[in-house]
Amino acid sequence: MRLKLTRFSGLAPSQTDRNLQESFASIAENVNLERGTIQAWNEPAKVSDQTGYSLFMASCCPITGDCDTSFAETGIDCGEILVASGLGKQPVFTTETCPPHWEPLGFPCKMAAPTVKAPTAKEDFSMDLRSYYYTVVNRMGWESAPSLPSAPVRVNIISEVSIGEFEVPSNAVTIRIYRAQTPLDYGTEPLENDDSVFLLVGEIPVSQPVFKDTVKIAGFACETEQYSPPPENLYEICSLQNGRLCGLAGNHFMMSERGAPHAWPDKTKVSFYDKPLALKCVRDVAYVLTAGRPVTIQVNGDCDDGVLYSVSTLQQTLPILSRRSAATHAGGVVYAAAQGLVFIAGQQAVVLTRDFYTPQQWGQLQPHTMVGCVHDGVYYGSTATTCIRFDLPDEIFATQDDTALTTISLRPRAMYSASNDRLYMALDDGTYEWNTGTGKMMYHWRSKVHYAPGPVRFSAYKIFTDGIVSVSHSTEHGEISRNATSLKPARLPSGRKGQEWFVDFRGTAEISEYTLATSIRDLSHD
């Protein structure tokens, strides 16, 4: 009698050993099964001593934060910027990443009105009623919403008017002054049907305390009157394909103006029945993961082009258990729910792990602590008890193969899949790049229990390997042997019978075949 394995598979804890194929495992830790053999992953390579509970990689420079921090990279006319929420009292951005130099993303709301001084005007027919407000501009060229307007003043149209006492935030570099003027009929009453608009009359550096208005013909109208700063309680910030940022604030979803990450108008707000907890974006779709039913938001364009967005709520109740478990994949999002690992693409949802974990087994993983990342089509999910490595299907209802589920011995605090096809992990003592070290990780692969028709006395085994492997054999009565072996056939202790047999491999060498037989001679039989 012989037991022969020429392919090695992963885990399927929900299935009984009697129902599994011969190649399945009960333990598959740190094993690379891509070729159907047992291979060891390379050790992770340390790239920085910096670590944290959120991670963004800029080239080889890690940028970290705490559990509430989120990062989003977005393109604007002058290049790429990195935006973060949860690093302080308000969202911030940087154009330099090694190290980052954070600046406020927005501007204060409702800056104080300027003071306006004009010479005493004689009553004549050359009079205006004027009001002024100002905006501030940062080094990126982003312009704030206007300040409160000044009180109207009566001015002779040829008089010089002084505007000053501006409330200037620390991130401003220039001040733009706008003027609204209404001609006075006979120098005393405003003309009928005169809708005055604030028009630009000048721009000064923030170091200049007063602007002298002698401008006869004003410029363009202020375009930022509808702008609002990003909410201070903004969280889960991410980037859409159309040049907008979006995020969650309280019970709302919000977006920035296109190409203006500092401006978050109220017209973009979406509220939810279930509390929003996490947000992930894929191209022009935002997935809002809630304490109940997930929501998808399809961003269509600007309001001038029609409906800004369409909102759809999935019918299934699939609450997210861990905000940090969410990751994007194949146009959708994957996350830890109460039912298992969920994959949502558009309006369709499936529990990917339903054939791998029972609800009780899934709960034992403590999925509410899961930190997730998708890299090269594989979901890495680290919890307080384990770290799963799960091959994801390319389509939502595709089936997984027998190597889909394994585990790794690392417990990342945070992970980041970079555009250079590298996976980075924030561990306890620093940030590491996955599978790029010079050494090998020690694997542990244990077979499922193999049932014989009756008690059988296996006496010899052989493995095909390129090195030394620690091998142990056990039956329902306990372990019967443990030794290091290579290509040569090896004997088991004589006289040990069992009906339930399993084998344990530990090492770093590749194993391509394993045979267990009742005699040395039987090892050579096909």
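These remarks concern the structure in this document. Worth saying up front: this structure is predicted, and the values here are computed from it rather than measured.

Calculation notes
- Residues numbered from 1 in each chain as written.
- Predicted model: local features only at pLDDT ≥ 70, side-chain atom pairs only at ≥ 80, totals over all residues.
- Heavy atoms only, no water.
- Helix = DSSP H or I, 4+ residues; strand = E, 2+ residues; numbered from the N terminus.
- Rg over C-alpha atoms; globule rule 2.2 N^0.38 Å.
- Buried < 20%, exposed > 50% of the residue type's maximum accessible area, 1.4 Å probe, protein only.
- Contact = heavy atoms within 4.5 Å.
- Areas by Shrake-Rupley, 256 points an atom, 1.4 Å probe, with all protein chains shown as cover.
- Lys, Arg positive; Asp, Glu negative; His and termini not counted.
- Charge placed at Lys NZ, Arg CZ, Asp CG, Glu CD.
- Pairing = 2+ DSSP bridges.
- Polar contact = N/O pair within 3.5 Å; in protein donor to acceptor, adjacent residues only side chain to side chain.
- Disulfide = S-S within 2.5 Å.
- Core = buried A, V, L, I, M, F, W, Y, C linked by side-chain atoms within 4.5 Å.
- Salt bridge = Lys/Arg side-chain N within 4 Å of Asp/Glu carboxyl O.
- Phe/Tyr/Trp six-rings, centres within 6.5 Å; stacked < 30°, edge-to-face > 60°.

## What to know about the overall build of the protein
Move 1: In terms of regular secondary structure, the protein is built from one helix and 46 strands.
Move 2: In terms of C-alpha radius of gyration, the protein reaches 33 Å, well past the compact-globule figure of 24 Å for 526 residues.
Move 3: Once the C-alpha set of the protein is aligned to its principal axes, its extents read approximately 120 × 45 × 30 Å.
Move 4: Residues counted as buried form 52% of the 526 residues belonging to the protein.
Move 5: A separation of at least 24 residues holds for 60% of the contacts in the protein among residues at least 6 apart in sequence.
Move 6: Carbon and sulfur atoms make up 48% of the accessible area of the protein, which totals about 23800 Å².
Move 7: Seen as two clouds, the 44 positive and the 58 negative side-chain charges of the protein have centres 11 Å apart.

## Re the pairing of strand E38 (residues 430–433)
Move 1: In this structure, strand E5 (residues 45–48) lies alongside E38, joined through three bridges in antiparallel fashion. Paired with Ser48 across the strands is Thr431, a residue of E38.
Move 2: Taken together, the four bridges between strand E37 (residues 423–427) and E38 define a ladder with antiparallel strand orientation. Within the sheet, the bridge partner assigned to Ala426 lies in E38 and is Thr431.

## Quick word on unusual backbone geometry
Move 1: Of note, the bond from Cys98 into Pro99 is cis; its omega dihedral lies within 30 degrees of zero at -5°.
Move 2: For Glu236, which is not a glycine, the phi torsion comes out positive at approximately 55°.
Move 3: Note on placement: Glu236 falls in strand E20 (residues 234–239).
Move 4: Backbone geometry at Gln366 places phi at a positive 60°, although glycine is not the residue there.
Move 5: Among the structural elements, Gln366 can be located in the loop between helix H1 (359–364) and strand E32 (371–375).
Move 6: By relative accessible area, Gln366 is classed as partly exposed at 30%.

## Concerning the side chain of Ser382
Move 1: Within the element layout of this structure, Ser382 appears in strand E33 (residues 378–382).
Move 2: Within the structure, Ser382 has its side chain in polar contact with the backbone oxygen of Pro412 (distance 3.2 Å).

## As for the state of the cysteines
Move 1: Under the defined criterion, the tally for this structure stands at one disulfide.
Move 2: Cys222 supplies the cysteine sulfur nearest to Cys109, a cysteine that is in no disulfide, at a spacing of 14 Å.
Move 3: When its relative accessible area of 53% is taken as the criterion, Cys109 is described as exposed.

## Re the sheet that holds strand E23 (residues 270–271)
Move 1: Judged by pairing direction, the sheet is antiparallel, and its four strands sit side by side in the order E20-E21-E22-E23 without closing on themselves. Of all the strands in the sheet, just E20 and E23 have a single pairing partner and so form its edges.
Move 2: As judged from the two bridges shared by strand E22 (residues 252–255) and E23, these two strands associate in the antiparallel manner. Note that in E23 the partner of Phe253 across the bridge is Val270.

## What about the nonpolar core?
Move 1: Formed by 49 residues in total, the largest nonpolar core has its most connected members in Phe8, Ile38, Tyr379, Phe390, Trp445, Phe505 and Tyr514.
Move 2: Once residues lying within four places of it in the same chain are set aside, the contact partners of Phe505 are Phe8, Ile38, Tyr443, His444, Trp445, Ile463, Val469, Ser470, Val471, Ile511 and Tyr514.
Move 3: Counting residues in each nonpolar core, the second largest holds 28 residues, with Phe93, Phe107, Val136 and Phe166 among its members.

## As for the pattern of salt bridges
Move 1: Tallying each qualifying case throughout the model produces 18 salt bridges.
Move 2: Lys4 serves as the salt-bridge partner of Glu513, at 3.6 Å between the closest nitrogen and oxygen. Highlighted residues: Glu513 in strand E46 (residues 511–517) and Lys4 in strand E1 (residues 2–5), separated in sequence by 509 residues.
Move 3: Classification of Glu513 as buried rests on a relative accessible area of 19%.
Move 4: Residue classification places Lys4 among the partly exposed positions, given a relative accessible area of 33%.
Move 5: For Glu479, the salt bridge is made with Arg482, and the minimal N-O distance between the two is 2.8 Å.
Move 6: For Glu479, a relative accessible area of 42% gives the class partly exposed.

## A short note on the packing of aromatic side chains
Move 1: Per the counting criterion, the structure on display carries 15 aromatic pairs.
Move 2: Relative to Trp434, the ring of Trp41 has its centre 5.4 Å away and its plane inclined at 50°; by these criteria the two rings are tilted. You can see Trp41 sitting in the loop between strand E4 (39–40) and E5 and its partner Trp434 sitting in the loop between E38 and strand E39 (443–447), a full 393 residues away along the chain. A single burial state applies to Trp41 and to Trp434, both of which are buried.
Move 3: Here the aromatic rings of Phe93 and Trp142 are separated by 4.7 Å at their centres, their planes lie at 45°, and the arrangement is tilted.

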